[in-house]
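Observations on the model geometry
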Amino acid sequence: MVHIDSPAAPLRADLPELFSLCAAQVGMRCLIHSLGDTLEHRLELLAAGLAPDQEIDVLSVSQKRHCVVACGQIRAAIGADLAQCITLKACEACQGTSS
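Below is a short write-up of the structure. Numbering of residues starts from 1 in every chain and runs along the sequence as written. With pLDDT at 70 or above as the cut-off, local features in this predicted model cover only qualifying residues; side-chain atom pairs require 80 or more to be listed or tallied, and sums for whole chains, interfaces and linings still use all residues. To get the side-chain values, all heavy atoms of the structure are used, and hydrogens and water are removed first.

Right, let's talk about the sheet that holds strand E4 (residues 66-71) for a bit. With antiparallel pairing, six strands are arranged side by side in an open sheet as E1-E6-E2-E3-E4-E5. Edge positions in the open sheet fall to strand E1 (18-20) and strand E5 (74-79), since each of these has one partner strand only. Across the sheet, the mean angle separating the axes of adjacent strands is 45° when strand polarity is ignored. In this scheme, strands are said to pair when DSSP sees at least two bridges between them. Helix and strand assignments come from DSSP, with helices taken as H or I runs of at least 4 residues and strands as E runs of at least 2, each series counted from the N terminus. Of the strand pairs in this sheet, E4 and E5 are connected by six bridges, and their pairing is antiparallel. If you follow Val 69 over to E5, its bridge partner there is Ala 76. Lines fitted to the C-alpha atoms define the axes, with helices restricted to the stretch that makes contact. Angles between their N-to-C directions range from 0 to 180 degrees.

One ladder, built from three bridges, connects strand E2 (residues 29-34) with strand E3 (residues 55-60); its direction is antiparallel. Counterpart to Leu 31 in the pairing with E3 is Glu 55. Here E3 pairs with E4 via three bridges, running antiparallel. Counterpart to Val 58 in the pairing with E4 is Val 69.

Let us now look at the pattern of salt bridges. In what follows, salt bridge is the name for a side-chain nitrogen of Lys or Arg lying within 4 Å of a carboxyl oxygen of Asp or Glu. A complete count under the given rule lists three salt bridges for this structure. The salt bridge involving Asp 57 is made with Arg 29; its shortest N-O contact spans 2.6 Å. Highlighted residues: Asp 57 in strand E3 and Arg 29 in strand E2, separated in sequence by 28 residues. Members of the salt-bridge network, linked through shared partners, are Arg 29, Glu 55 and Asp 57.

Below is the structure:
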């Protein structure tokens, strides 16, 4: 597990501009692009304190169990099925590689 004060992981060159939470790497800092493909998914994540255009830190990733993300003081464990539907964008400014 990555400590919240650890430096962010470098950007993965093989990631497309938008990718699912399950494709993220532990330690990445990302922006949430979309919260899922159904209203129920979006409402569930909004109730957990997550929203589009919010910056998150990826704390753990498991394609079969759950992913854990941090947003400020909020920690959210997201089931693998729902994590597949969450679209992220790497936060380049947070990675120290801004253009």
